[in-house]
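Here is what each chain is made of, one letter per residue.
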Amino acid sequence: MLTEKTMEKLRVLAESAKYDVSCSSSGTVRGGKKGMVGSTVGGLGICHSFADDGRCIALLKVMLTNYCMYDCAYCINRRSNDIPRATLSVTELEEITMEFYRRNYIEGLFLSSGVVRNPDYTMERLAAIARDLRTVHRFNGYIHLKSIPGASQELLNEAGRYADRMSVNIEIPNEESLKMLAPEKDHQSVFQPMRLIQQGVLENKEDRRRMRHAPRFVPAGQSTQMIVGATKETDRDILQMSSALYGQPTMRRVYYSGYISVNTTDPRLPVLKQPPLVRENRLYQADWLLRFYHFKVDEIVDERHANLDLEIDPKLAWALRHPEVFPVDINTADYEQLLRVPGLGTKSAWLIVNSRRFGRLTSYDLKKMGVVMKKAKYFITCHELTHSPATLLTSVNELSPERLRPLLVSKVRQKQAAEERQLRLDFG
Ligand code: SF4
């Protein structure tokens, strides 16, 4: 039974945990097992918010403690902040998780922590919670643990045996800026645990090849988070870091978190009225291009365009910079070319390639496949668009990118982008 005191601690610690966005799950499958409590269904994606009143939510996102010996400028929980503090004991946290899980409030746990005493002391508690949940309480839900930079390999290995996913946040893509805002951290302290987790996952893969029933190690891989807009780094810097991380075999997701101005009096930080949400959204779109559309970072951003265009999405921006590639003939282009067309997603590109074996495609077919014709029509040709005078359309080349651009940017977008540009500060 959860006491009033425990619930009060939970309220404080859930509030402190809400700024970490690296917790949404790509879903692992944990089928129901005899003797274990519950199961998870892969692919559903687990919600990563916790309501104060404990209403029907899927992931309990909480910190073990919000005391911290570090003083990272961008963090609400830093040592020098005067905020309500609380610590849950290992037993309390296990009780809360099991109680919420049995009541069907949650499907899993996202557990992070401030660093107390030293990294090993903190990591030991996180690992103990994951271990007890699995072995004592027979918890069969999803567990995402934050690994504490500087913790020993033994403790990371112990935690990895019971967690589905682990993450270490890079926070700032440039080491110099990271050191300015978080003097106790450096990139080495972040990359080291990442490497150790990766090593564990790869070794586990080998073990499972030899012994099918060897226990899994961090089966849902790793994730990380970068803060956007707290330092002078450009989108190019951020995406280059993401691309390098995706080169690692166990990195599943990089999350981008628009900087929320939590420590307004710190002179090292910009004072923002609101987080740079449009920029955050553009980075997620660019990230999508890297992972699923076979784009390279240098195609999305380069020296001349080091930041993403806030008014239009990155694929459209690329297409307007490369009109020579268009128009693409829907009835003959290969899958890779189709992926580059604004308004066409991976699913519609795949459908086009498969459907045209049965006949020539028209704009009517494309609409049915979910192609956003409002955008795509300037970049494609297809049988009927080329041959019927009634539907003959002007391509990006005939219209010129400069004249086409305003047609594709809505007034609302222009206003949002202008507001956000005002948020960008001159860090120089
Ligand atoms: S170590 Fe983590 S919890 Fe502690 S101040 Fe830094 S970001 Fe915040």
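Scroll up for the structure.
Here goes a summary of the coordinates provided. (Residues numbered from 1 in each chain as written. Predicted model: local features only at pLDDT ≥ 70, side-chain atom pairs only at ≥ 80, totals over all residues. Heavy atoms only, no water.)

1. As for the overall build of the chain
Thinking step 1. Across its full length, the chain carries 18 helices and eight strands.
Thinking step 2. Within the chain, the proportion of its 428 residues that are buried is 52%.
Thinking step 3. Of the contacts formed within the chain by residues at least 6 apart in sequence, a portion of 68% connects residues at least 24 apart. (Helix = DSSP H or I, 4+ residues; strand = E, 2+ residues; numbered from the N terminus. Buried < 20%, exposed > 50% of the residue type's maximum accessible area, 1.4 Å probe, protein only. Contact = heavy atoms within 4.5 Å.)

2. Notes on the pattern of salt bridges
Thinking step 1. Enumeration over the complete set of coordinates arrives at 18 salt bridges.
Thinking step 2. A salt bridge links E92 to K9; the nearest nitrogen and oxygen atoms lie 3.0 Å apart. Of the two residues, E92 sits in helix α2 (residues 90-102) while K9 sits in helix α1 (residues 4-17), which places them 83 residues apart along the sequence.
Thinking step 3. Classification of E92 by relative accessible area gives buried; the value is 18%.
Thinking step 4. K9 gets classed as buried once you look at its relative accessible area, which sits at 18%.
Thinking step 5. Among the salt bridges present, the one from E206 reaches R209, with a minimum N-O distance of 2.8 Å. (Salt bridge = Lys/Arg side-chain N within 4 Å of Asp/Glu carboxyl O.)

3. Things to note about the site of the ligand
Thinking step 1. Residues in contact with the ligand, as listed here, are C68, Y70, C72, C75, R78, G114 and K185.
Thinking step 2. Here the shell around the ligand is composed, by residue class, of four nonpolar, one polar and two charged. (Near = heavy atom within 4 Å. Nonpolar A, V, L, I, M, F, W, Y, C, P; charged D, E, K, R; others polar.)

4. Describing helix α3 (residues 119-135)
For the α-helix, the turn length of 3.6 residues means that residues three or four positions removed from each other point alike.
Thinking step 1. Here α3 contains 17 residues, and its C-alpha end-to-end distance of 24 Å stays within 8% of the 24 Å for a straight helix at 1.5 Å per residue.
Thinking step 2. Burial in α3 covers these residues: P119, T122, M123, L126, A127, A128, I129, A130, D132, L133 and R134. (Expected span 1.5 Å × (residues − 1).)

5. Examining the side chain of N169
Thinking step 1. Note that N169 resides in the loop between β4 (165-167) and α5 (175-181).
Thinking step 2. At 2.8 Å, the side chain of N169 forms a polar contact with the side chain of K146.
Thinking step 3. From its side chain, N169 meets the backbone nitrogen of Q225 in a polar contact 3.4 Å long. (Polar contact = N/O pair within 3.5 Å; in protein donor to acceptor, adjacent residues only side chain to side chain.)

6. Re the packing of aromatic side chains
Thinking step 1. Counting across every chain of the model gives seven aromatic pairs.
Thinking step 2. Geometrically, the ring pair formed by F295 and W318 is edge-to-face, given 5.4 Å between the ring centres and 90° between the ring planes. In this pair, F295 sits in the loop between α8 (277-292) and α9 (297-300) while W318 sits in helix α10 (residues 314-321), placing the two residues 23 residues apart along the sequence.
Thinking step 3. Residue classification places W318 among the buried residues on the basis of a relative accessible area of 6%.
Thinking step 4. Through a chain of ring-to-ring contacts, the aromatic side chains of F295, W318, F326 and F379 assemble into a single cluster.
Thinking step 5. The ring of F295 carries the charged tip of R340 above its face, separated from the ring centre by 3.8 Å. (Phe/Tyr/Trp six-rings, centres within 6.5 Å; stacked < 30°, edge-to-face > 60°. Lys NZ or Arg CZ within 6 Å of the ring centre and 35° of its normal.)

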